[in-house]
Amino acid sequence: MKFLQPAELGYAVRSKLADAGAGARLFFRLVASLGAVLRRPALLRDQIHFMGNYSLAIIAVSGVFVGFVMGLQYYYGLQRFGAADSVGMLISLSLVREFGPVLTALLFAGRAGTSLTAEIGLMKAGEQLSAMEMMAVDPVARILAPRFWGAVIAMPILAAIFSAVGVLGGWVVSVPMIGIDSGAFWSQMQSGVDAWVDVGNGVLKSVVFGFAVSFIALLQGFEAQPTPEGVARATTRTVVVASLTVLALDFVLTAMMFSI
């Protein structure tokens, strides 16, 4: 087994710290660019359309089928205890608290995140970003920032759509197919879901996931090697790193929300 020499270990640590510092600087530049992005709303609108509208189909279809599965699973579990009427409440709580934000972020990372990484990576490989710098145009403010804020805005909207169609999917399975009373389904859901606590926590999670996924996608594209292989590896890293980050953040946020 080969051990790293002190010089090699120090170089590796220094390289990782330098990468972390570069990523932190890029993140703060993106956050600070909100005012400049709002002064050019057409760019922001186009990015919200690109990432939100083009991800809508997979989000909606996935939400419906998740609702179908949850309706069946919760019904067969609750009927053993004579609480089948609580299916609507459990479906809505699970969706707005956990499954809506988390699954939306994972799907968003696979659909829009990889697209962002590939787009920025190809622009870097084609030296378009370098050409903008030569013309005294900041590529972070002109290219990365609108995509960053577009993803942050699109994520909560997509998560809300996922939760809404998931509840409708659960209703389709629970009421017309299984035979649960429709009034009991909706009344249990309305009485068991708090708009500020449950829905608010879900919105907060989706916003945090939007920041994380969009930043990771842009960082991987911006730091990718300007070769086809480098862009392909960066795209793969986006999915892996973003998915693990979303799951880790979900645990941290859930622990904080239940402890307050």
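Residues numbered from 1 in each chain as written. Predicted model: local features only at pLDDT ≥ 70, side-chain atom pairs only at ≥ 80, totals over all residues. Heavy atoms only, no water.

**Some thoughts on the UniProt feature "transmembrane region" (unreviewed entry) in the protein chain**
The cut-off we apply is this: UniProt positions are given in the numbering used here, feature names are shortened, and annotations may be inferred rather than shown by experiment. Numbering of helices and strands runs from the N terminus, with a helix taken as a DSSP run of H or I at least four residues long and a strand as a DSSP run of E at least two residues long.
Annotation from UniProt places "transmembrane region" (unreviewed entry) at residues 50-75, 87-109, 152-179, 199-219 and 239-258. For residues 50-75, the end-to-end C-alpha separation is 38 Å, with 92% helix and 0% strand making up the annotated structure. Between the first and last C-alpha atoms of residues 239-258 the distance is 28 Å; the span itself is 100% helix and 0% strand.

**A look at the packing of aromatic side chains**
How we decide: A pair of aromatic rings is counted whenever rings of Phe, Tyr or Trp (Trp by its six-membered ring) have centres within 6.5 Å, and the orientation is called stacked for planes under 30 degrees apart, edge-to-face for over 60 and tilted otherwise. We call a residue buried when its accessible area falls under 20% of the maximum for its residue type, exposed when it is over 50%, and partly exposed in between, using a 1.4 Å probe and counting protein chains only.
Under the definition given, this model contains nine aromatic pairs. Consider the rings of Phe-148 and Trp-149, whose centres lie 5.3 Å apart with planes at 80°: the pair is edge-to-face. Look at Phe-148 and you get buried, because its relative accessible area is 0%.

**Comments concerning empty space enclosed by the protein**
The criterion, for reference: Only protein atoms enter the calculation, which uses a 1 Å grid: trapped sets of points that fit a 1.4 Å probe without letting it out are cavities, open sets showing protein on both sides within 12 Å along at least five of seven lines are pockets, and any residue with an atom within 4 Å of a point is a lining residue. Grid points are joined across faces, edges and corners, and a volume is the space filled by probe spheres set on the points.
The tally for this structure, following the rule as stated, stands at one cavity of 30 Å³ or more. Taken as a whole, the largest cavity holds about 40 Å³ of empty space. Considering the residues around the largest cavity, the lining is formed by Arg-97, Glu-98, Asn-201, Lys-205, Thr-254, Met-257 and Phe-258. Only helix 5 (87-125), helix 9 (195-222) and helix 10 (228-259) provide two or more residues apiece to the lining of the largest cavity.

**Remarks on the pattern of salt bridges**
The cut-off we apply is this: The term salt bridge refers to a side-chain nitrogen of Lys or Arg lying within 4 Å of a carboxyl oxygen of Asp or Glu.
Scanning all chains against the criterion turns up six salt bridges. Across the pair Lys-205 and Glu-98 runs a salt bridge, and its minimum N-O distance is 2.6 Å. One end of the pair, Lys-205, is in helix 9; the other, Glu-98, is in helix 5, and 107 residues separate them in sequence. Residue Lys-205 is classed as buried on the basis of its relative accessible area of 2%.

**Some details on the layout of surface pockets**
Here is the rule we go by: In the scheme used here, Gly and all other residues not listed as nonpolar or charged are polar, with Ala, Val, Leu, Ile, Met, Phe, Trp, Tyr, Cys and Pro taken as nonpolar and Asp, Glu, Lys and Arg as charged.
The calculated volume of the largest pocket comes to roughly 230 Å³. Asp-19, Ala-22, Gly-23, Leu-219, Gln-220, Glu-223, Ala-224, Gln-225, Gly-230, Arg-233 and Arg-237 together form the lining of the largest pocket. Of all the elements in the fold, those that place two or more residues in the lining of the largest pocket are helix 1 (6-32), helix 9 and helix 10. The residue inventory of the lining of the largest pocket, partitioned by class, reads three nonpolar, four polar and four charged.

**A word on unusual backbone geometry**
At Glu-127, a residue that is not glycine, the phi angle is positive and equals roughly 60°. Tracing the backbone shows Glu-127 in the loop between helix 5 and helix 6 (128-134). Accessibility expressed as a relative area gives 56% for Glu-127, which makes it exposed.

**Structural notes on helix 5**
Note the cut-off: Fitting axes to the seven residues that end at a residue and to the seven that start at it, the angle between those axes gives the bend at that residue.
A maximum bend of about 55° is found in helix 5 at Leu-95. The positive-phi residue at the C-terminal boundary of helix 5 is Glu-127, with phi of around 60°.

**Things to note about the nonpolar core**
The following threshold applies: Working definition of a nonpolar core: buried Ala, Val, Leu, Ile, Met, Phe, Trp, Tyr and Cys residues. They are joined through side-chain atoms within 4.5 Å. Contacts were defined at the residue level, with two residues in contact if any of their heavy atoms lie within 4.5 Å.
Ranked by internal contacts, the top residues of the largest apolar core, which has 50 residues, are Leu-30 and Phe-108. With sequence-adjacent residues up to four places away left out, Leu-30 is seen in contact with Val-140, Leu-144, Ala-145, Phe-148, Trp-149, Phe-215 and Leu-218.

**Concerning the side chain of Gln-47**
Structurally, Gln-47 is set in helix 3 (residues 41-53). Setting aside its immediate chain neighbours within four residues, Gln-47 contacts Gly-52, Pro-146, Arg-147 and Gly-150.

**Description of helix 8 (residues 182-192)**
Since the α-helix advances by 3.6 residues per turn, residues separated by three or four positions end up pointing in the same direction. Selection criterion: Think of the arc as the fan of directions from the helix axis to the C-beta atoms. Whenever two N or O atoms come within 3.5 Å, that pair is a polar contact, provided that in protein one can donate a hydrogen and the other can accept it, and provided that, for residues adjacent in sequence, both atoms are side-chain atoms.
Residues of helix 8 that are buried: Ala-184, Phe-185 and Met-189. When helix 8 is viewed along its axis, its buried side chains cluster within an angular range of 125° and face the same direction. Facing away from the buried surface of helix 8 by more than 90 degrees, the exposed residues are Gln-190 and Ser-191. Buried residues along helix 8 sit against helix 5 and helix 7 (139-178). If you check the start of helix 8, you find a side-chain oxygen 3.1 Å away from the backbone N of Gly-183, and it comes from Asp-181.

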